[in-house]
Amino acid sequence: MHRSALTRCDDEVAPRRRETPSLRLGLVGVLLTTGLSLPVIALDAQSPRPSAATVQTIEHRLLPTRPFGVHLSDKPYVTLGGLLDDERAEFDSRHFFLTAAQLSDGRIVVMDRTALKFFDARGVLLRVAGRLGSGPSEFRETRDLCVLRGDTILVVHGGDGRLSIWTSAGVFVRAYQRPPGFTVFDACHNDGTIVVRGGGQRGANEYRTLRPDGTEVASLGRVVEPRYNSPFMTEPYVLPTASGYVVADARQYAFWFVNRFGTPTRVVRAGPTLKRLSEAEWLAVAQRVFPQSPEAGRRLAEGDTLRTMPAFSAMRADPLGRVWIRDQQPPHGWNVFDPSGAIIGRVLLRSMFESMRELVRVGADYAVVRRPGPDGEVYLDFHRMYPK
């Protein structure tokens, strides 16, 4: 079915597949025959050595421009938020990390700025858990929402360096001090392990998987370098899949599937090579990004010798292992890849305010879209996904 959907898209061609010998550990870098540089992968001494399996490389010369394959329902089946008589059911429109997830029984949990809000499947508010504060069941600010096995909820706090565990009914269980290092966004497995950059013995850019209590499970090594000294400061993506992680960096339209010990298994590369701008063009871009501080723009332009625009603007991974990548430029559509690396769909949110709508979560058969309202309010729309 995936192949037939692919051939129906006029803008896409069948991907080319290559295989290269298994990567060895401890190398400074790995270069596939495609010319794609892979990140350094380092494992702990107690981690299993990689097998003699090969790393598969999949290349797409073109990306689709029109919707096909995977699509979302035109109308949401539930809409939450807005301006309401019951202010408890409204959301803080200033909260950058506002998101939501549907639990296995159909109930919905929304991570607002300083509370978890539980709704039934029809959108009726059931419970508000947590409040502003620094106590055991309080939040200075929420930053990430993870639904674990059994619908247990893990929240990554912002501002006070904590993690907290909640039942599916919104009952506080316990809090942990967040492990040293930077907790990567959207990077917790349903078993409760999280990904942290830095804070260990091997440098600031080593990625590690940890349990909530700080126990290290494995090292992923220097999976990819953040792009900070640039007009386009980007944090790499390390997103969980059923068997490991998908890793990406907006320096190029490419992503890597790695197992839970950091060993690469598949590389997917798509689209044309990014255009490298001249120094003058790059400086002009930087000063448009920082119009109030030309000197800051100049320093950042000089610090990023790559001189390329980001290849994409956002990335998500869903429970079925599909990878969703959002265009950098309008119309800001999402290209959907299956776990084999095939392009199986392109999704447009179908709005004249496309760039103002954000796909904040993708489930197995639904997607949550955040959209602003005309009076400063914010909504969360739940859309069915087809094919399921």
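In this text the structure is predicted, and so the values were computed from the model without any measurement.

Chemist: So what exactly am I meant to see when it comes to the environment of His 95 here?
Modeler: Residue placement: His 95 occurs in the loop between strand 7 (78-81) and strand 8 (99-102). For the pair His 95 and Thr 142, spaced 47 residues apart in sequence, the C-alpha to C-alpha distance is 8.7 Å.

Chemist: Honestly, helix 3 (residues 294-303) in this entry has me stumped. Any pointers?
Modeler: Spacing of three or four residues puts side chains on the same side of an α-helix, whose turn is 3.6 residues. Residues Ala 296, Gly 297, Leu 300 and Ala 301 constitute the buried set of helix 3. The arc that holds every buried residue of helix 3, seen down its axis, measures 135 degrees, which confines them to one face. Structurally, helix 3 contributes buried residues whose contacts are with helix 2 (279-289).

Chemist: What's the story with the state of the cysteines in this structure? I'm lost.
Modeler: Summed over all chains, the structure comprises one disulfide. In this model Cys 146 forms its disulfide with Cys 188; the gap between the sulfur atoms is 1.8 Å. Judged by the sign of its S-S torsion, about -135 degrees, the cystine formed by Cys 146 and Cys 188 is left-handed. In this pair, Cys 146 is assigned in strand 12 (residues 142-147) and Cys 188 in strand 16 (residues 182-188), connecting sequence segments 42 residues apart. Accessibility expressed as a relative area gives 3% for Cys 146, which makes it buried. Look at Cys 188 and you get buried, because its relative accessible area is 14%.

Chemist: Would you mind showing me how to read the sheet that holds strand 18 (residues 207-210) here?
Modeler: The pairing of strands in a sheet happens through backbone hydrogen bonds and is either parallel or antiparallel. In space, the four strands of this open sheet follow the order 16-17-18-19, with antiparallel pairing throughout. The two strands at the open ends of the sheet, each matched to only one other strand, are strand 16 and strand 19 (216-221). The sheet shows a mean angle of 30 degrees between the axes of neighbouring strands, taken without regard to direction. Where strand 17 (residues 194-197) and strand 18 come together, four bridges link them in antiparallel fashion. Counterpart to Val 196 in the pairing with strand 18 is Arg 208.

Scoring rules and cut-offs
Residues numbered from 1 in each chain as written. Predicted model: local features only at pLDDT ≥ 70, side-chain atom pairs only at ≥ 80, totals over all residues. Heavy atoms only, no water. Helix = DSSP H or I, 4+ residues; strand = E, 2+ residues; numbered from the N terminus. Buried < 20%, exposed > 50% of the residue type's maximum accessible area, 1.4 Å probe, protein only. Arc of directions from axis to C-beta. Contact = heavy atoms within 4.5 Å. Disulfide = S-S within 2.5 Å. Pairing = 2+ DSSP bridges. Axes fitted to C-alpha atoms, helices over the stretch in contact; angles between N-to-C directions.

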